[in-house]
Structure formats: structure tokens, C-alpha cells
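# Descriptive structure summary
The lines below spell out each chain.
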Amino acid sequence: MHDLLNVILLGIIEGITEFLPISSTGHLLIAESFGLGARSDLFNVGIQAGAILAITLIYWKRIWELLTQWQEPANRAYLLKLLVAFLITCVLGLVVTHYGFKLPETVTPIAWALLIGGFWILGAEAIAAKQVDRREVTWRVAILVGLAQMVAGIFPGTSRSGATIFTAMLAGTSNRPAATEFSFLVGIPTMYAATGYELLKVLKSGGTAHEDWGALIVGFVVSLVVAFVAVKWLLGYIRTHRFTWFALYRIALGAALLLLMPAGA
């Protein structure tokens, strides 16, 4: 029963943090470090898949529109920009993976990423507020969002959604909901690809032999439901609010971790 509660809590944490700009990787690591217990790579992949399915369900009408009405110039251009951002992330991500360039997933670098990311969000919001409201996603935005996704993958704790949303806002898509939509839509194929890649590695290494499938299923379902609710709430929230409270939360959490955790943790 105790382990089941831990699984549910991890699913809740993943569901809330995957698409909010506060870093799911950072929060899962912190939760595991403070008593919820380390989980298998397959479990982590599984609960992430639940969150990705949630965002796919939320945007299924928009995805269907883009795919079935791609002949329309606006839809075709948007699809191409999504594809370019995705391919940039994939190609550079494979290069980075090949050379093994990634910070360790330990609390200290994640704390710094949370702290720096919080100030980044505050700065980005301040600059975007001075721009003319623009919903258009330009090619510059698409390219820079692709690069931002790769950077988020290298630096655990950065937050993929935070990096891409605010990169889009600074690069020209100053309208917050429009920047968020592009970030989430490009994140769908990116995260499916990353999840598939991690799953393949787990399968090849024989990591499924001793997996607790019951816990994985529970974590997947909890993550799916919670992510669906969290993203629905976020999409309504950002229509009338800035991301300021998320930035302050990141700064406070990052600073607390740096003060409380022992050196080298």
C-alpha cells in the first residue's frame, strides 16, 4: 500500500510538471531523493507517455485540422515549421547523445537550472510585454524553438515547455497562448520520439524482466489524468495571466535546494 501511494504521487508529480514550465525531470528527481524511491527507466518512460497522451488528446482537433487540411497555405506553413523545429531537435539531440554531453541528473545542477530558469522567465515576460501582440509563428521562431528543445534536454531542470514557450515569445510570437500552442504541438512528436528511444534502450538492455507492471500502469493512468487537467487549467490561465508565479516558484525552489542540499548532491 505504501509503495502504491508513492507510485500515485509520482504520477501526480509527472502529470502536473511535464507541461507546466517548472521541470518534470527536476521534480521527479527531487521527489525520489526525498523519499519516494528511485524507479526504473521504464517506469519513468511510462508515466511520461501518459502525460504525452494527455496533451495529444487535448490538441486532437488542432492536429486533425492540420493533417486533413494541409492543402491550405496557413496550415501547410505551420506544419512545415513544426517539422523543422522537430528535425532540428532530433538531429542535434542525436549528435549530443552520441558525444555524451549532458549534465548529471543530480539535485545541484537541477537546482541551478530551476533558479536560472526562473529569472529567464521573468526577463522574457518583461521583454515580451513591450512587443506588439503577434500570433504568427515565423521561421525564426521555429528554428529557435527546435534549438531550445535540445538545450532543455542537455540541462535537466530547464523545462522543455518553459524553454520553448519563452524562446518563441522572445523570437517574435509575443502572444502567450500562440507561443504555448506551438511549444506544445512541437513537443508532441518530440516527446513521443524521445520516449520511444528510451523505451527501445530499455527493451534492448532487458530492463523489462523485473518490471512492476502494475505500478507502471497505475503511474501511467494517474499521469494521463492529472496532465490532462493541468494543461486544460494552464491554457485557460495564460489567457489572462503571465507566467510570473511559475518563475517565482522556480526561484524559490532552486534557492531552497541549494541551501538545504549538501555540496555535491
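Residues numbered from 1 in each chain as written. Predicted model: local features only at pLDDT ≥ 70, side-chain atom pairs only at ≥ 80, totals over all residues. Heavy atoms only, no water.

### As for the overall build of the protein chain
Helices and strands together make up the secondary structure of the protein chain, namely 11 helices and zero strands. Scanning the protein chain from its N terminus toward the C terminus, one meets helices and strands in the order α-α-α-α-α-α-α-α-α-α-α. For a compact globule of 265 residues, the expected C-alpha radius of gyration is about 18 Å, and the protein chain comes in at 18 Å, within 12% of that figure. The C-alpha extent of the protein chain, read off along each of the three principal axes, is 50 × 40 × 40 Å. Counting across all 265 residues of the protein chain, residues that qualify as buried make up 48%. A fraction of 83% describes how many contacts in the protein chain between residues 6 or more apart in sequence connect residues 24 or more apart. When the accessible surface of the protein chain is totalled, it reaches about 13,000 Å², and 71% of it is carbon and sulfur. Both charge centroids of the protein chain, one from 18 positive and one from 15 negative side chains, sit 10 Å from each other. (Helix = DSSP H or I, 4+ residues; strand = E, 2+ residues; numbered from the N terminus. Rg over C-alpha atoms; globule rule 2.2 N^0.38 Å. Buried < 20%, exposed > 50% of the residue type's maximum accessible area, 1.4 Å probe, protein only. Contact = heavy atoms within 4.5 Å. Areas by Shrake-Rupley, 256 points an atom, 1.4 Å probe, with all protein chains shown as cover. Lys, Arg positive; Asp, Glu negative; His and termini not counted. Charge placed at Lys NZ, Arg CZ, Asp CG, Glu CD.)

### What about the packing of helix α6 (residues 107-129) against helix α11 (residues 244-260)?
Closest axis-to-axis distance for the α6/α11 pair is 7 Å, and the angle between their directions is 150 degrees. With respect to α11, the element α6 is oriented roughly antiparallel. Judged by the sense of rotation from one axis to the other, the crossing of α6 with α11 is left-handed. On α11, the residues touching Val-107, Thr-108, Ala-111, Trp-112, Ala-113, Leu-114, Leu-115, Gly-117, Gly-118, Phe-119, Ile-121 and Leu-122 of α6 are Thr-244, Ala-247, Leu-248, Arg-250, Ile-251, Leu-253, Gly-254, Ala-255, Leu-257 and Leu-258. For the contact of α6 with α11, a count of residues per class yields 16 nonpolar, five polar and one charged. (Axes fitted to C-alpha atoms, helices over the stretch in contact; angles between N-to-C directions. Parallel < 35°, antiparallel > 145°, perpendicular 65-115°, else oblique. Left-handed = near helix turned anticlockwise from the far one by under 90°. Nonpolar A, V, L, I, M, F, W, Y, C, P; charged D, E, K, R; others polar.)

### Here's the deal with the nonpolar core
With 44 residues, the main nonpolar core has Phe-182, Phe-184 and Phe-243 as its most contacted residues. At the level of secondary structure, the elements contributing two or more residues to this core comprise α3 (41-58), α5 (73-99), α6, α7 (139-154), α8 (160-171), α9 (176-204), α10 (213-237) and α11. Each residue touching Phe-243, except ones within four places of it in the same chain, is listed here: Pro-21, Ile-121, Glu-125, Ile-165, Phe-166, Arg-176, Thr-180, Leu-234 and Ile-238. With 11 residues, the next largest nonpolar core counts Leu-10, Leu-28, Leu-42 and Ala-215 among its residues. (Core = buried A, V, L, I, M, F, W, Y, C linked by side-chain atoms within 4.5 Å.)

### Here's the deal with the layout of surface pockets
Approximately 350 Å³ is the volume attributed to the second largest pocket. Considering the residues around the second largest pocket, the lining is formed by 13 residues, among which Arg-62, Arg-135, Pro-177, Ala-178 and Glu-181 are closest to the centre. Going through the elements one at a time, α5 and α9 are the ones with two or more residues in the lining of the second largest pocket. At four residues, the largest contribution of residues to the lining of the second largest pocket is made by α5. (1 Å grid on protein atoms, 1.4 Å probe; cavity = no way out; pocket = protein on both sides within 12 Å on 5 of 7 lines; lining within 4 Å. Points joined across faces, edges and corners; volume = space filled by probe spheres on them.)

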